[in-house]
Amino acid sequence: MDGSWNPQALKAVKGVPASAIRGGIQQRLGATRPAPLDEDQWRHVQRLYERYRQGPLWLTKNGLAEDRAEALLKALIDAHTDALRVDAYPLNELARALVAVKETPRPTAQQLATADVLLTAAYAALGEDLLTGQLDPRTVSEGWHIDPQEEQVDSALARALREEPLDRSIARMRPQDEDYAALVRELQRYRKLAVQGGWPAVPKGKALRPGQTDSSVRLAALRQRLEAEELLGASTPAAQQTGADSTPAGARARAGGSVYDAQLAGAVADYQARHGIEADSVLGEETVASLNTPAAYRLGQIAANLERFRWLPRSLGSRYVLVNVPAFRLEAYDGGRKALEMKVIVGEEYTDRITPVFSDSVEFVVFRPYWNVTDDIATKELWPKIQADPGYMAQNNYETFREGGKTRIRQKPGPENSLGLVKFMFPNDFNIYLHDTPQDELFEEDVRAFSHGCIRLEKPEQLAQWVLGWPAERVRQAMEQGPDDKRVDVPRKLPVYIAYFTTYLRGGQLSFGNDLYKRDDALIRAVQDGALPSAQTLRAVDSLRRFVAE
């Protein structure tokens, strides 16, 4: 333990014997837990005191340990910047307890004990929320099967409590990912937008293509809508690609005229690319509906995805793979740096085809694999085709085999195999894996939800090189020349995280991905108070400001 902080060494506080305060702490711990803490958070509080033998954690001989207490209070006051529901902490009760200690010349042992316990309660609740999130994913229909490692919360709380300075140790509890920090910044921007009333609605109308005309009122509303998110300007990437024109028609459109010119269409293409819509510059029904999504909802999406970040373990490993399903993207990290990224194809938005959210570890790679067709796919898709066309199996390189007393179907290895020429196996209950595909043309699509649940890779050769540490030629030979169905164990198990983030950064720009599996709505409702704190919550926060030096 750090020599500068030792609860057991304290003899008295403002003349009150430490033994009396420890007795008060023990008594308070045996009483009703402070609202709104739940049983799990209260157990964390009790275990912290058990670790330090009921010694006061926030007191010195002169009263409150000012630096430590102030660091915690500032963290509580600022918790709303992470979209945490600040009313989840006993702020009002804590403020009253602090008044009794700081503004009473000779506080009693019970008053000191109560203040200490409430500070610990707020600390434990905030710490757990930063480490594992405020919500249980199962309560908001997330289907999230990644363990946030709740069992490590007690040791993390104890470790952070004894580190100096405390404000930094609390800050380290939150996700350290750059995207998390960026979403925190975007949260503040979208809060301002929401508070100011959001953005104007774009009137419905005919689908517009670049160069076509429409009412000046509609195009003016579209212009204002795009400007609200800073998406309109001659420097936008899509505008540069399509070429903002300088014709009289283009000038009239920029002045609020009736031509849907290249500059405006380019800004719409940028918007589409950042909102999970095919970037074709067409102002169609889907794009208008997305543009008219309220700012408050977008704010809620940012808050929801900050919570999803907190559901991940604090350490993902030194080398790992992260697949974000709504972004249709895989990223591989080594030593905290992105080593590889590529497009992916994920499961369709049907109940039996969605790609689940879970984590496991790649154990082996198979070159030139067989595709052992699942019973479900065989029953629903292949057997009817085989019965209708006796030559279907031979034409598509299928064969039957016996397994467990049943006749099964598999596709032989080769370039036309549905799994392509390599697959990456991380055995799991969902029968999901990463694999190559012969349908490379599908990677040109903006929305890539075509699979039965497994994840198809744009650059399987590069991933094989990275996973196995093999040179490109060796990987290419294994894929193209065989032998067939060759298993190669990885040198060290590689964690894989299949995640679901509908708001993320792409090229430094905020993107709202395609909520393929309709999981945002329930979570947004649950984090609403964290996204935009109520006046009552802000008043409770203000009750603590008097104890924090400006």
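Residues numbered from 1 in each chain as written. Predicted model: local features only at pLDDT ≥ 70, side-chain atom pairs only at ≥ 80, totals over all residues. Heavy atoms only, no water.

1. Remarks on the sheet that holds strand E11 (residues 398-403)
- Read from one edge of the open sheet, three strands run E10-E12-E11, paired in antiparallel fashion. A single partner strand is all that each edge strand has here, and the edge strands are strand E10 (371-372) and E11.
- With six bridges connecting them, E11 and strand E12 (residues 406-411) associate as antiparallel partners. Bridge pairing in E12 places Thr-400 opposite Ile-409.
- Those strands touched by helix H15 (residues 375-388) are E10, E11 and E12, and its axis lies near 80° from that of E12. (Pairing = 2+ DSSP bridges. Helix = DSSP H or I, 4+ residues; strand = E, 2+ residues; numbered from the N terminus. Contact = heavy atoms within 4.5 Å. Axes fitted to C-alpha atoms, helices over the stretch in contact; angles between N-to-C directions.)

2. Some details on the packing of helix H5 (residues 109-132) against helix H6 (residues 153-162)
- Put simply, H5 and H6 touch, their axes get as near as 10 Å, and they point 120° apart. As summarised for this structure, H5 and H6 are arranged oblique, according to the angle between their axes. Classified by chirality, the crossing of H6 by H5 is right-handed. Contact residues: H5 offers Tyr-123, Ala-124, Gly-127, Glu-128, Leu-131 and Thr-132, while H6 offers Val-153, Ala-156, Leu-157, Ala-160 and Leu-161.
- Residue composition of the contact of H5 with H6, grouped by class: eight nonpolar, two polar and one charged. (Parallel < 35°, antiparallel > 145°, perpendicular 65-115°, else oblique. Left-handed = near helix turned anticlockwise from the far one by under 90°. Nonpolar A, V, L, I, M, F, W, Y, C, P; charged D, E, K, R; others polar.)

3. Brief notes about the confidence of the model for the chain
- Across the chain, pLDDT averages 90, with 94% of residues at or above 70.
- Note that pLDDT drops below 50 for residues 234-256; the model gives that stretch 38 contacts with residues more than four away or on any other chain. (pLDDT = per-residue confidence, 0-100.)

4. Some words on the nonpolar core
- Formed by 91 residues in total, the largest nonpolar core has its most connected members in Val-321, Leu-330, Phe-367, Phe-424, Leu-434, Leu-463 and Val-467.
- Among the elements that take part in this core, helix H14 (residues 295-311) stands out by supplying eight residues, more than any other.
- Apart from residues lying up to four places away in sequence, Val-467 is in contact with Val-362, Val-365, Phe-424, Val-490, Pro-491 and Leu-494.
- If you look at the next biggest cluster of nonpolar residues, it comprises 63 residues, including Leu-37, Ala-88, Val-117 and Leu-119. (Core = buried A, V, L, I, M, F, W, Y, C linked by side-chain atoms within 4.5 Å. Buried < 20%, exposed > 50% of the residue type's maximum accessible area, 1.4 Å probe, protein only.)

5. Concerning the pattern of salt bridges
- Using the criterion set out here, one finds 32 salt bridges in the structure.
- Put simply, Glu-163 and Arg-172 hold a salt bridge, and the shortest N to O gap is 2.8 Å.
- Shared partners join several salt bridges into a network, and the residues in it are Arg-329, Glu-331, Lys-338 and Glu-341. (Salt bridge = Lys/Arg side-chain N within 4 Å of Asp/Glu carboxyl O.)

6. Quick look at the packing of aromatic side chains
- Inspection of every chain in the model, using the stated rule, returns 15 aromatic pairs.
- Ring geometry for Phe-358 and Phe-430: centres 4.9 Å apart, planes at 45°, overall tilted. Linking Phe-358 in strand E9 (residues 357-367) with Phe-430 in the loop between strand E13 (422-425) and strand E14 (434-435), this pair joins segments that are 72 residues apart in sequence.
- Seen from their ring centres, Tyr-500 and Tyr-517 are 5.7 Å apart, and the 25° between their planes marks the pair as stacked. Placement of Tyr-500 in the loop between strand E17 (486-499) and strand E18 (503-506) and of Tyr-517 in the loop between strand E19 (509-512) and helix H19 (520-526) is noted, with a sequence separation of 17 residues between them. Accessibility classification places Tyr-500 together with Tyr-517 in one group, the buried group.
- An aromatic cluster is defined as three or more aromatic residues linked by ring pairs; in this entry it consists of Trp-144, Tyr-180, Phe-309, Trp-311 and Phe-501.
- Over the ring of Phe-401 we find Arg-410, and its NZ or CZ is 5.0 Å from the ring centre.
- Above the ring of Tyr-500, the side-chain terminus of Arg-519 is found at 5.0 Å from the ring centroid. (Phe/Tyr/Trp six-rings, centres within 6.5 Å; stacked < 30°, edge-to-face > 60°. Lys NZ or Arg CZ within 6 Å of the ring centre and 35° of its normal.)

7. Quick word on empty space enclosed by the protein
- For the structure shown, the criterion picks out one cavity of 30 Å³ or more.
- Estimated volume of the largest cavity: approximately 60 Å³.
- What lines the largest cavity is Ala-83, Leu-84, Arg-85, Gln-134, Leu-135, Glu-307, Arg-310, Ala-526 and Val-527.
- Split into classes, the residues belonging to the lining of the largest cavity amount to five nonpolar, one polar and three charged. (1 Å grid on protein atoms, 1.4 Å probe; cavity = no way out; pocket = protein on both sides within 12 Å on 5 of 7 lines; lining within 4 Å. Points joined across faces, edges and corners; volume = space filled by probe spheres on them.)

8. Focus: the layout of surface pockets
- Within this model, the largest pocket holds a volume of roughly 1,000 Å³.
- If you go around the largest pocket, you meet 39 residues; those closest to its centre are Trp-371, Ile-377, Ser-451, His-452 and Arg-456.
- Of all the elements, H15 adds the most residues to the lining of the largest pocket, at six residues.
- Counted by class, the lining of the largest pocket contains 15 nonpolar, 15 polar and nine charged residues.
- As a volume, the second largest pocket reaches approximately 810 Å³.
- Lining the second largest pocket are 30 residues, with Asp-177, Glu-178, Asp-179, Tyr-320 and Tyr-333 sitting closest to its centre.

9. A short note on H14
- For H14, which comprises 17 residues, the first-to-last C-alpha distance of 25 Å matches the rise-based estimate of 24 Å (1.5 Å per residue) to within 8%.
- Within H14, 15 of the 17 residues are buried, which leaves the element mostly enclosed by the surrounding structure. (Expected span 1.5 Å × (residues − 1).)

10. Brief notes about the pairing of E13
- In E13, alternate side chains face the same way, and those of Val-422 and Phe-424 on one face and Lys-423 and Met-425 on the other are all buried.
- For E9 and E13, the ladder comprises four bridges, and the chain directions are antiparallel. Bridge assignment links Val-365 to a residue of E13, and that residue is Phe-424.
- In terms of strand pairing, E13 meets E14 through two bridges, oriented antiparallel. Directly across from Phe-424, in E14, lies its bridge partner Leu-434.

11. Topic: helix H18 (residues 472-481)
- Along H18, the positions that sit buried rather than exposed are Val-475, Ala-478 and Met-479. The buried residues of H18 occupy one face: seen down the axis, they fall within an arc of 95°. Residues of H18 that are exposed and point over 90 degrees away from its buried face: Glu-473, Glu-480 and Gln-481.
- If you follow the buried residues of H18, they end up packed against E9, E13 and helix H17 (460-468).
- In the stretch just after H18, Gly-482 is the one whose phi turns positive, near 95°. (Arc of directions from axis to C-beta.)

12. Some thoughts on a negative patch on the surface
- Residues Glu-278, Asp-280, Glu-285, Glu-286, Asp-440, Glu-441, Glu-444, Glu-445, Asp-446, Glu-461 and Glu-480 make up a contiguous surface patch of negative charge.
- Here Glu-445 is to be found in the loop between E14 and strand E15 (449-451). (Patch = residues over 30% accessible without salt bridge, like charges linked within 9 Å, V, L, I, M, F, W, Y side chains within 5 Å. Areas by Shrake-Rupley, 256 points an atom, 1.4 Å probe, with all protein chains shown as cover. Lys, Arg positive; Asp, Glu negative; His and termini not counted. Charge placed at Lys NZ, Arg CZ, Asp CG, Glu CD.)

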